[in-house]
Amino acid sequence: MPVNLAYFLFFYVFLYMGNAVYGTFIPLYFQHVGFTQAQIGTLLSLGPLVAIMAQPVWGLLSDRAKTKNSILLMLIAGSGLTVLLFPLTNVFLLLLFFICVFTFFQSSIFTISDAVTLEALDKRGSGNFSLIRMGGTFGFAIMSIVFGLLAQKRIDLLFIVYTLILVVCLLLALRFPKIEGHQKRGAKMPVWLLFRNRKLMLYICANFVFQITLGYYYAFFPLYFKELGGDSAWLGWSMVISSLSEVPFLLLSSRIFKRVPVSLILLGAGTAAALRWYLYSIVHHAYLLLPIQALHGLIFIVLSVTMAIVINKEVPNELKASGQTLNGLLSMGVARIIGSFFGGFASEAFGMRQTFFYNSIVATICIVIFACAFWVQHAREKIKRPPGISQQPQ
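Not measured: the values here are computed from a predicted model.

Further remarks concern the overall build of the chain. Scanning the chain from N- to C-terminus turns up 15 helices and zero strands. Its C-alpha atoms give the chain a radius of gyration of 20 Å, within 12% of the compact-globule value 21 Å for 394 residues. For the C-alpha atoms alone, the extent of the chain along its principal axes is close to 60 × 45 × 35 Å. The buried share of the chain, taken over its 394 residues, is 57%. The contacts in the chain between residues at least 6 apart in sequence include a share of 86% that link residues at least 24 apart. Here the chain displays about 16500 Å² of accessible surface, and carbon together with sulfur accounts for 69% of that area.

Laid out in structure tokens, this is it:
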């Protein structure tokens, strides 16, 4: 089957529409049904805990399946069905269980989608992943407005809307070319071989730490926005600003990757994060948060696209899906747990404003530490490199 990039583009449009609905408004739904900040933090952190166990499983299954597509379809279908369990109860423990089941499927959709898309582009011999991923940016922006208006009156429609969006994703994914699991036959390559690539592990670690602060943002920014006087409609517009701010990087990413070392790209994203969290901590009105949202385009999209492309380049074919899910395990799993779970208790103890300030301090400290680590790594590579051989940006 020829590779039609339109299916991938619209798949990302709808996939991130769903992310706008669930990721942005689920904290407000939990608040709507009466949970405290600590309970909300716990609800939003237990899911990523399940992701820690689920991501390696789905990555390994994808690499060893006849096709990665079959795993992706299973994840989408499982997510769409299990999210419909949420509105059946307001009992805290039962919701914890439902979130675990839902996250078991949902947490790996993005990483397996990236693996399938990047391999399809390699198979085609042309195509820009960043431009395809930009479809997700516009999908997120559109749905943030639409559902933001709807959530003012019927936030409980979150689950049916999310499921309908995933149905469209499923239909589009059925049109993808078959991407085989490269370990379906012959010798099996263990996933822990990834840990021998020190440079890759350093990149993953830097991404992981910055994602911890993003984990707090995703869990508590909607609540913080409302605390400062914003409503669901304006929250939707704030997400539009953050989403559209990703466009410049996505348009220029191919040039950036050729000219700027990966280490500097990651440190730049961390610097933007430190500045963003500090600015959040000093404003006192919701409308002042809107321009600050533009910094989002220098953080999440930079980290996620950079890591997806680096992993696709650095990891052997037999472990491409496992490499993507390992990064997803840390950034979407462990990092989100730390950010939302501990952030929930910190918010109750010190307030959300002060917790954002602490996040800015954490990001700043990590920038310094990883700048030193990247410098040491570069010095080692320079010593090992034979004379006369130039190095591409890393």
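This part takes up the domain arrangement of the chain. Domain annotation for the chain reports domain 1 (1-179) and domain 2 (191-383). In this structure, domain 1 and domain 2 have C-alpha centres spaced 19 Å apart. The interface is formed by 48 residues belonging to domain 1 together with 51 residues belonging to domain 2. Each partner contributes to the roughly 3900 Å² buried at the junction of domain 1 and domain 2, and carbon and sulfur atoms together form 70% of this total. Summed over the shared surface of domain 1 and domain 2, the number is six residue pairs in polar contact (both at pLDDT 80 or more). Contributions of two or more residues to the side of domain 1 that touches domain 2 are made by helix H1 (5-32), helix H2 (37-64), helix H5 (109-124) and helix H6 (129-154). Take the side of domain 1 that touches domain 2: its biggest share by element is 17 residues, from H2. Taken together, the residues that form the side of domain 1 that touches domain 2 break down as 24 nonpolar, 18 polar and six charged.

Judged by side-chain polarity, Phe 350, Tyr 358, Ile 361, Ile 365 and Ile 369 come together as a nonpolar surface patch covering roughly 480 Å² of accessible area. Ranked by residue count, the leading element in the nonpolar patch is helix H15 (residues 352-384), at four residues. Within the fold, Tyr 358 resides in helix H15. Of the residues examined, Tyr 358 reaches a relative accessible area of 34% and is grouped as partly exposed.

Let us look at the side chain of Glu 246. Relative to the helices and strands, Glu 246 resides in the loop between helix H9 (232-244) and helix H10 (247-259). Buried and unpaired, Glu 246 has Arg 133 as its nearest opposite-charge partner, separated by 4.1 Å. Apart from residues no more than four positions distant in its own chain, Glu 246 is found in contact with Arg 133, Thr 137, His 296, Gly 297, Phe 300 and Ile 301.

Turning to the pattern of salt bridges, a few remarks are in order. If you walk through the whole model with that rule in mind, you get two salt bridges. Between Lys 68 and Glu 119 there is a salt bridge, with its nearest N and O atoms 3.0 Å apart. Here Lys 68 is found in helix H3 (residues 68-82), whereas its partner Glu 119 is found in helix H5, with 51 residues between them in sequence. You can call Lys 68 buried: its relative accessible area is 0%. Residue class for Glu 119 comes out buried when judged on its relative accessible area of 8%. Across the pair Asp 156 and Arg 154 runs a salt bridge, and its minimum N-O distance is 2.9 Å. Classification of Asp 156 by relative accessible area gives partly exposed; the value is 35%. The exposure class assigned to Arg 154 is partly exposed, which follows from its relative accessible area of 41%.

Moving on, we come to the packing of H3 against helix H4 (residues 92-106). Helix packing geometry: the angle between the two helix axes and the distance between the axes. Where H3 contacts H4, the two axes come as close as 7 Å, and the packing angle between them is 155 degrees. In terms of orientation, H3 and H4 fall into the roughly antiparallel class. Where H3 crosses over H4, the two elements pack in a sense that is left-handed. Where H3 approaches H4, its residues Met 74, Leu 75, Gly 78, Ser 79 and Thr 82 are matched on the opposing element by Val 101, Phe 102, Phe 105 and Gln 106. Looking at the contact of H3 with H4 residue by residue, the class counts come to five nonpolar, four polar and no charged.

What counts, and where the lines are drawn
- Residues numbered from 1 in each chain as written.
- Predicted model: local features only at pLDDT ≥ 70, side-chain atom pairs only at ≥ 80, totals over all residues.
- Heavy atoms only, no water.
- Helix = DSSP H or I, 4+ residues; strand = E, 2+ residues; numbered from the N terminus.
- Rg over C-alpha atoms; globule rule 2.2 N^0.38 Å.
- Buried < 20%, exposed > 50% of the residue type's maximum accessible area, 1.4 Å probe, protein only.
- Contact = heavy atoms within 4.5 Å.
- Areas by Shrake-Rupley, 256 points an atom, 1.4 Å probe, with all protein chains shown as cover.
- Domains from an automatic or database assignment.
- Buried area = accessible area lost by both parts, 1.4 Å probe.
- Polar contact = N/O pair within 3.5 Å; in protein donor to acceptor, adjacent residues only side chain to side chain.
- Nonpolar A, V, L, I, M, F, W, Y, C, P; charged D, E, K, R; others polar.
- Patch = residues over 30% accessible without salt bridge, like charges linked within 9 Å, V, L, I, M, F, W, Y side chains within 5 Å.
- Salt bridge = Lys/Arg side-chain N within 4 Å of Asp/Glu carboxyl O.
- Lys, Arg positive; Asp, Glu negative; His and termini not counted.
- Axes fitted to C-alpha atoms, helices over the stretch in contact; angles between N-to-C directions.
- Parallel < 35°, antiparallel > 145°, perpendicular 65-115°, else oblique.
- Left-handed = near helix turned anticlockwise from the far one by under 90°.

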